[in-house]
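Coordinate analysis (summary)
Here are the chains, one letter per residue:
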Amino acid sequence: MANLIISLITALSLLFSTTSQNIEQAFLQNSPKMLYSLLSTQSNVNISLPQPISFSDQLSNQQAYFLFRRILTSYSTSGFFSNQQPSSISNNSFIIKARWSFKDKKNNMYVFLVFFYFINEQKETKNGVKKEWKISEIRAESENY
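Residues numbered from 1 in each chain as written. Predicted model: local features only at pLDDT ≥ 70, side-chain atom pairs only at ≥ 80, totals over all residues. Heavy atoms only, no water.

**Considerations on the nonpolar core**
In this structure, Phe27, Ile47, Trp100 and Phe116 are the most contacted members of the largest nonpolar core, which totals 31 residues. Within the residue set of this core, elements represented by two or more residues are helix H1 (2–28), strand E1 (45–49), helix H3 (61–74), strand E5 (93–103), strand E6 (109–125) and strand E7 (128–142). Here Trp100 is in contact with Phe27, Ile53, Ile71, Leu72, Thr77, Gly79, Phe80, Tyr110, Val111, Phe112 and Val114, once residues within four sequence places are set aside. (Core = buried A, V, L, I, M, F, W, Y, C linked by side-chain atoms within 4.5 Å. Buried < 20%, exposed > 50% of the residue type's maximum accessible area, 1.4 Å probe, protein only. Helix = DSSP H or I, 4+ residues; strand = E, 2+ residues; numbered from the N terminus. Contact = heavy atoms within 4.5 Å.)

**Digging into the pairing of E1**
Burial runs high along E1: 5 of the 5 residues are buried. When E1 meets strand E2 (residues 55–59), the two strands line up antiparallel, connected through 5 bridges. Bridge assignment links Asn46 to a residue of E2, and that residue is Gln58. Sheet topology note: the E1/E7 ladder contains 3 bridges and is parallel. The partner of Ser48 across the bridge, within E7, is Arg139. (Pairing = 2+ DSSP bridges.)

**Considerations on the pattern of salt bridges**
Evaluation of the coordinates by the stated rule reveals 4 salt bridges. Of the charged contacts, one joins Arg139 and Glu137 as a salt bridge, the two residues approaching to 2.3 Å between their closest N and O atoms. Residue Arg139 is classed as partly exposed on the basis of its relative accessible area of 38%. Among the charged side chains, a network of salt bridges with common partners joins Lys130, Glu132 and Lys134. (Salt bridge = Lys/Arg side-chain N within 4 Å of Asp/Glu carboxyl O.)

**Some thoughts on the confidence of the model for the protein**
Put simply, the protein has an average pLDDT of 86, and 83% of its residues get 70 or more. Throughout residues 4–16 the model reports pLDDT below 50, and contacts reaching past four residues in sequence, or to other chains, amount to 8 contacts. (pLDDT = per-residue confidence, 0-100.)

What follows is the structure in structure tokens.
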């Protein structure tokens, strides 16, 4: 029984670590395509970002791709650090918290605390049903430093 619990904890740690790394790479490489692959395909994605971006709406994964393409070409990422362990976890969801620092074209620096809310979606495949973790919400708040 103890071995099963340890195996489950190890598997979850690897999943969260890989997911965090994928989000980090998307922002550090200014790649909306990488972020797109993590977005929910079964529901709209709720996105709320403060000044200077000032955006709040529910978007399809395609619309979110174009939004982040515009954001990541307008602002250059200086740093992106995610918490390797999720902030909150349940059977069907978890939250990853990250710190995103970026500059605008005038070299003004901004820092956001970003929260990525993941849900477990079921996807039909040839071999049956596959579960995937997908982002259903992205919320940020400004961090003053």
